[in-house]
Amino acid sequence: MSPQDSWPFVLLHGGGVQLSKQDFSKHPETVDRYLRGASRQERRGQIESARKKAVRRNLEPKGPRKKGWDALGEEAWDDMGLDANERIMPIDENDRRKDLARAVFAPPRETELGTSMPGTDHPETAVRGTVLTVNSGLCTVETGDGSPLPCTIRSSITAAETGFTNAVAAGDEVIYTPGVAGAGIIEQVLPRRSALTRQDVFLKHLRQVVVANADQVLIVASWREPVIWLELIDRYLIAARRSGLGAVVCVNKVDLAESLAEVDGAMQPYRELGFEVIKASARTGQGIESLRQTLEGKVTVLVGMSGAGKSSLVTAVQPGLTIRTSEVRAQSGEGRHTTTQAALFRLANCGAVVDTPGIREFGIAGLTRRELGGYFPEFARATVCRFADCAHMAEPDCGVQAAVASGAIARSRYHSYTLIYAALPL
Ligand code: GDP
Ligand code: ZN
C-alpha cells in the first residue's frame, strides 16, 4: 500500500488538483487531530448538544416548509426513493434554518464581507475562495491563482449554527486566511444560492449539505451499455424541479445507437417539455461542443448511473481533467463507513462540474402519490378527468389515459409515471 492509500483524506487525481501528504505535513498537530477523528467527534458533540438545547427549549427546527410547485401547492421536500438520502434544498429554506439556528444558538456574527472576522489574527489577509472538497473538517479551497489550498475551518464556524451537520460544503464561497506554512483557515462561509443536501450518514435525523451554489443538474444517461433508463431520467427531473435547479439531459454513447433518429424519437418528449437534450459520444466527440457550452459559466452537478460515461464526458470536454476521486473512509461509533465526497472541478470556460459519487441516484422519498402528477406538466394538457382526485392509473374517463392513447402524451413518460406512482407510499 502506498502512503497515499492510507491517507484518509480525499485525493483528487489530475485536473491540477492534487494534494499530497506533504501539503499537510507542515501541520502535524492538525493532521494528527483529524487522523484521530477528534475534530469530527467534537463537531458531532456540538451538534448534538445544540440539538438537545433546542429540544429543551422546545425550539427544534420544524420540518421543511411546505413549498408549492406549479399547481402542486404541496409539500415538495424530502427524498426520492432511489437512493433515499438525497434532496436539494433551496436557499430560502436553508436561510430560514440558519436564522432560527442563529437566534437560538449564537450571538449575531459580524461576518459580512469587509467587516472584521471573529477569531482570526489576520483579518487583513483574508481573501475569497471556492471550496473544492471537504473531508472530516479539512477542506481544499481554490485560491485566486486557481491552485488548491488545504484549509481547516475556524472553530467559531460551527455546524449547529448552520442548521446542517456540516458548516462547509463543496461549492461554498468562503473567506479564508491563507495562514502560514501552506495551510489556510476558513473564516466565514458566504450566503449560499442553493444547497443540495442529503440525510447525514451518521446522524440520520439531520441533513448534510453535499453541494452548495449549484446552478443546474446534468442528467447523463447512456443510450446503450447500460441501456437507457427513462424512468431514472424522469426521477432526476423531478428531483431537479423540486430543488429549483435547472436540468439538462445528455444522452451519451450515441455511437452505439443504430440511428440517431431513434435517439431523437426517444428524447422528443423532453424537448417538447422544453429541456435541452444533448446527444453525445465521449468516444467520437459528437455533442461535446454543445456540452461544453452548456457547462460554461455554471456550476453543474453531474448525476446518472455509474457507467453512463460522466467522467468520460468531462474528460472529453476538457482533456486532461479527470473527476475520479479515491474512496474515503470514515470511522464512527457504528463502525466503518465509506463516505462519498462531492468534489468540484473548475473548467477552463469558467464553469465547474461537481461529481457527487454518493448521490448519483438521488431519491424522491417524501414525494406523495397525489403530488406526482404535478411533476408531469404535460398532464395538464389532457382533458379533465371524471374524478377530481383521479390518479390516472385505471380510473374510468381519465383524460390523461385518453391523451396517452391518442399520442398527445408520450407513452414513455406515462409509463415512468405509473412506475414511480407504484413505488411511492400511499
Ligand atoms: P461514469 O461511471 O458515469 O463516470 O462512466 P465512465 O466515464 O467511467 O464510463 C463507463 C464506460 O463507458 C467506460 O468503459 C467508457 O470507456 C465507456 N464510455 C464512455 N463514454 C462512451 C461513449 O461515448 N461511447 C462508448 N461506446 N463508450 C463510452
Ligand atoms: Zn386521470
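A short tour of the structure in this document, coming up. (Residues numbered from 1 in each chain as written. Chains lettered and ligands numbered in written order. Predicted model: local features only at pLDDT ≥ 70, side-chain atom pairs only at ≥ 80, totals over all residues. Heavy atoms only, no water.)

Re the site of ligand 1
Here is step 1 of the chain: Taken together, 16 residues are adjacent to ligand 1, and Asp255, Gly307, Ser311, Ser312 and Arg324 come closest.
Here is step 2 of the chain: For ligand 1, an oxygen atom lies 2.9 Å from a polar atom in the side chain of Lys253.
Here is step 3 of the chain: Here an oxygen atom of ligand 1 and a backbone polar atom of Arg283 are 3.2 Å apart.
Here is step 4 of the chain: Protein burial of ligand 1: of its 580 Å² of free accessible surface, 77% is covered by the chains.
Here is step 5 of the chain: With three residues, the single largest contributor to the shell around ligand 1 is helix H10 (residues 310–317).
Here is step 6 of the chain: Of the residues that constitute the shell around ligand 1, the class distribution is four nonpolar, seven polar and five charged. (Near = heavy atom within 4 Å. Polar contact = N/O pair within 3.5 Å; in protein donor to acceptor, adjacent residues only side chain to side chain. Areas by Shrake-Rupley, 256 points an atom, 1.4 Å probe, with all protein chains shown as cover. Helix = DSSP H or I, 4+ residues; strand = E, 2+ residues; numbered from the N terminus. Nonpolar A, V, L, I, M, F, W, Y, C, P; charged D, E, K, R; others polar.)

Here we look at H10
Here is step 1 of the chain: Of the residues making up H10, those classed as buried are Lys310, Ser311, Leu313, Val314 and Val317. Taken end-on, H10 shows its buried residues confined to a sector of 160°, consistent with a single buried face. (Buried < 20%, exposed > 50% of the residue type's maximum accessible area, 1.4 Å probe, protein only. Arc of directions from axis to C-beta.)

A few points about the coordination of the zinc ion (ligand 2)
Here is step 1 of the chain: Within the protein, Cys385 (SG), Cys390 (SG), His392 (ND1) and Cys398 (SG) serve as the donor atoms for the zinc ion (ligand 2), at 2.1 to 2.4 Å.
Here is step 2 of the chain: Classification of the site at the zinc ion (ligand 2) rests on its four donor atoms, whose angles at the metal span 100 to 113°, yielding the label tetrahedral.
Here is step 3 of the chain: Read in sequence order, the donor residues coordinating the zinc ion (ligand 2) give the pattern C-x4-C-x1-H-x5-C. With respect to burial, Cys390 and Cys398 carry one shared label: buried. (Donors = N, O, S within 2.8 Å, 3.2 Å for Na, K, Ca; no water. Tetrahedral: all angles 85-135°; square planar, octahedral: opposite > 155°, others 65-115°.)

Some points on the side chain of Asp234
Here is step 1 of the chain: You can see Asp234 is positioned in helix H7 (residues 230–243).
Here is step 2 of the chain: There is a polar contact of 2.8 Å between the side chain of Asp234 and the side chain of Tyr270.
Here is step 3 of the chain: Residues in contact with Asp234, not counting those within four places in the same chain, are Tyr270, Ser412, Arg413, Ser416 and Ile420. (Contact = heavy atoms within 4.5 Å.)

Some details on the pattern of salt bridges
Here is step 1 of the chain: With the rule as written, the count across this model stands at 12 salt bridges.
Here is step 2 of the chain: Arg154 serves as the salt-bridge partner of Glu187, at 2.9 Å between the closest nitrogen and oxygen. Of the two residues, Glu187 sits in strand S6 (residues 184–189) while Arg154 sits in the loop between strand S4 (148–153) and helix H6 (159–162), which places them 33 residues apart along the sequence. As far as the burial class goes, Glu187 and Arg154 line up, both buried.
Here is step 3 of the chain: One salt bridge connects Arg271 with Asp264, and the closest N-O pair in it is separated by 3.2 Å.
Here is step 4 of the chain: When salt bridges that share partners are traced, they join Asp234, Glu378 and Arg413 into one network. (Salt bridge = Lys/Arg side-chain N within 4 Å of Asp/Glu carboxyl O.)

With respect to empty space enclosed by the protein
Here is step 1 of the chain: Taken as a whole and assessed by the stated rule, the structure comprises four cavities of 30 Å³ or more.
Here is step 2 of the chain: Estimated volume of the largest cavity: approximately 80 Å³.
Here is step 3 of the chain: Considering the residues around the largest cavity, the lining is formed by 14 residues, among which Val220, Ala221, Ser222, Leu232 and Met305 are closest to the centre.
Here is step 4 of the chain: Broken down by secondary-structure element, the contributors of at least two residues to the lining of the largest cavity are strand S9 (216–222) and H7.
Here is step 5 of the chain: The element best represented in the lining of the largest cavity is S9, accounting for four residues. (1 Å grid on protein atoms, 1.4 Å probe; cavity = no way out; pocket = protein on both sides within 12 Å on 5 of 7 lines; lining within 4 Å. Points joined across faces, edges and corners; volume = space filled by probe spheres on them.)

Side note on unusual backbone geometry
Here is step 1 of the chain: Here the residue pair Glu225 and Pro226 is connected by a cis peptide bond, since its omega of -5° sits within 30 degrees of zero.
Here is step 2 of the chain: For Pro226, the position within the fold is in the loop between S9 and H7.
Here is step 3 of the chain: One non-glycine residue with positive phi stands out, namely Glu225, at about 55°.
Here is step 4 of the chain: Tracing the backbone shows Glu225 in the loop between S9 and H7.
Here is step 5 of the chain: According to the relative accessible area criterion, Glu225 is exposed, its value standing at 59%.
Here is step 6 of the chain: Residue Asp397 is not a glycine yet carries a positive backbone phi of 50°.
Here is step 7 of the chain: Relative to the assigned elements, Asp397 resides in the loop between helix H11 (369–372) and helix H12 (399–406).

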